[in-house]
Amino acid sequence: MRQARRVPLVAGNWKMHTTYEEALRLAGVFRERLDGVDGVECALIPPFPWIVPVAERLSGSTLVLGAQNCATIDEGALTGEVSARMLAPFCRYVIVGHSERRHQLGESDEMVAAKLQAALRNGLAPILCVGELLEERDQGIAEATVERQLLHALRNVQADQVRRLVIAYEPVWAIGTGRPATPEDAQAMARFIRQWVEARFGAALADAVRVQYGGSVNARNAEAFLRLPDVDGALVGGASLDVEQFSQIVRLAGEVGRSEHGVTAVDSR
Ligand code: 13P
């Protein structure tokens with residue numbers, strides 16, 4: 001299933017962490033260490049208020065920016081929301097459907113679908129997060145849960161938009177727990193996701209779409225995930241705030257990208 005053109009994406013989701021000074025320092029250090037690393041695309045995903053200053057720090061480098069969320073609509077009376085249209089000048093990616101938003105903030109499958117549409121309509125690449133709760137895994141409905149999330153989120157997506165999409169498999173029980181999925185389970189679900197995309201959109205798009213793993217990825221365990229045939233990079237939370245760990249994960253992904261995918265340059269989409 002490996003395709004040479006599938007550049008692994010390592011994205012650092014900073015969540016609701018960092019002060020302004022820390023954000024600028026991290027952006028500067030990551031730029032120094034990771035600008036121009038071949039075989040991988042590296043995205044930093046800071047909190048909203050730091051997006052513009054971090055974008056300025058990264059300007060002219062190969063590092064790109066993402067946002068952690070966007071509104072369902074582009075403009076309007078919606079106090080506190082930030083729209084994909086506002087993010088588009090600064091960001092390449094936007095996370096939609098992160099489990100913290102689904103489960104702690106009550107974000108429904110319908111809202112996730114609307115946010116995904118908002119991202120696409122504004123030229124952003126959505127990183128769609130899917131993943132089951134521990135009880136859903138224990139009940140044997142992990143795949144059914146992920147399938148439901150995919151079905152809702154991608155219901156109105158056109159085939160020509162699928163190439164821009166990134167799907168992050170993040171089992172909820174693995175997030176922030178220090179207890180990642182096994183590489184076998186991550187591969188099985190990434191494969192299941194790719195097969196679902198194939199059934200819906202065809203083999204060429206299933207080969208093109210990137211599927212990340214996320215959940216307690218760190219510098220020690222990253223390589224096992226990055227080498228999986230259906231996993232194209234990682235969505236990193238806690239370890240993305242640690243300069244040594246995140247740099248190492250990105251470099252490892254670059255090595256894997258160069259050796260297994262034949263990728264030598266960052267994708268310029
Ligand atoms: P951790 O890497 O801290 O488990 O978080 C994963 C995550 O939620 C990334 O979006």
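Quick look at the structure, then. Please read these numbers as outputs of a predicted model, since none were measured by experiment.

**Some remarks on the packing of helix α1 (residues 20–34) against helix α2 (residues 51–58)**
Geometrically, a packed helix pair is captured by the angle between its two axes and the distance between the axes. Relative orientation of the contacting elements α1 and α2 amounts to 25°, with a least axis distance of 9 Å. It follows that α1 is roughly parallel to α2 by the angle criterion. Considering the relative orientation of α1 and α2, their crossing is right-handed. Residues Tyr20, Ala23, Leu24, Ala27 and Arg31 of α1 form the contact with α2, whose own contacting residues are Pro53, Val54, Arg57 and Leu58. Per-class residue counts for the contact of α1 with α2 are seven nonpolar, no polar and two charged.

**Let's talk about the site of the ligand**
In the neighbourhood of the ligand, the contacting residues comprise Asn13, Lys15, His98, Glu170, Ala174, Ile175, Gly176, Gly215, Ser216, Leu235, Gly237 and Gly238. Contacts to the ligand include Lys15, whose side-chain N or O atom sits 2.9 Å from an oxygen atom. Its residues placed into classes, the shell around the ligand shows three nonpolar, seven polar and two charged.

**Some details on unusual backbone geometry**
Residue Lys15 is not a glycine yet carries a positive backbone phi of 50°. Residue position: Lys15 is located in the loop between β1 (9–13) and α1. Classification of Lys15 by relative accessible area gives buried; the value is 18%.

**Comments concerning the packing of aromatic side chains**
Evaluation of the coordinates by the stated rule reveals four aromatic pairs. The rings of Tyr169, Tyr213 and Phe225 are connected pair by pair, giving a single aromatic cluster.

**What about the pairing of strand β8 (residues 233–236)?**
Where burial is concerned, the two faces of β8 agree: the one with Gly233 and Leu235 and the one with Ala234 and Val236 are both buried. Bridging between β1 and β8 involves four bridges; their strand directions are parallel. Bridged to Gly12 within β8 is Val236.

**Comments concerning the sheet that holds strand β2 (residues 41–45)**
The eight strands lie next to each other as β1-β2-β3-β4-β5-β6-β7-β8, forming a closed barrel whose pairing is parallel. Averaged over neighbouring strand pairs, the angle between their axes works out to 25° when direction is ignored. The sheet contact formed by strand β5 (residues 125–130) and strand β6 (residues 166–169) spans four bridges and is parallel. When the bridges of β6 are listed, Val130 appears paired with Tyr169. The sheet strands contacting helix α7 (residues 142–153) are β5 and β6, and the helix crosses β5 at an angle near 150°.

Reading guide: rules and limits
Residues numbered from 1 in each chain as written. Predicted model: local features only at pLDDT ≥ 70, side-chain atom pairs only at ≥ 80, totals over all residues. Heavy atoms only, no water. Axes fitted to C-alpha atoms, helices over the stretch in contact; angles between N-to-C directions. Helix = DSSP H or I, 4+ residues; strand = E, 2+ residues; numbered from the N terminus. Parallel < 35°, antiparallel > 145°, perpendicular 65-115°, else oblique. Left-handed = near helix turned anticlockwise from the far one by under 90°. Contact = heavy atoms within 4.5 Å. Nonpolar A, V, L, I, M, F, W, Y, C, P; charged D, E, K, R; others polar. Near = heavy atom within 4 Å. Polar contact = N/O pair within 3.5 Å; in protein donor to acceptor, adjacent residues only side chain to side chain. Buried < 20%, exposed > 50% of the residue type's maximum accessible area, 1.4 Å probe, protein only. Phe/Tyr/Trp six-rings, centres within 6.5 Å; stacked < 30°, edge-to-face > 60°. Pairing = 2+ DSSP bridges.

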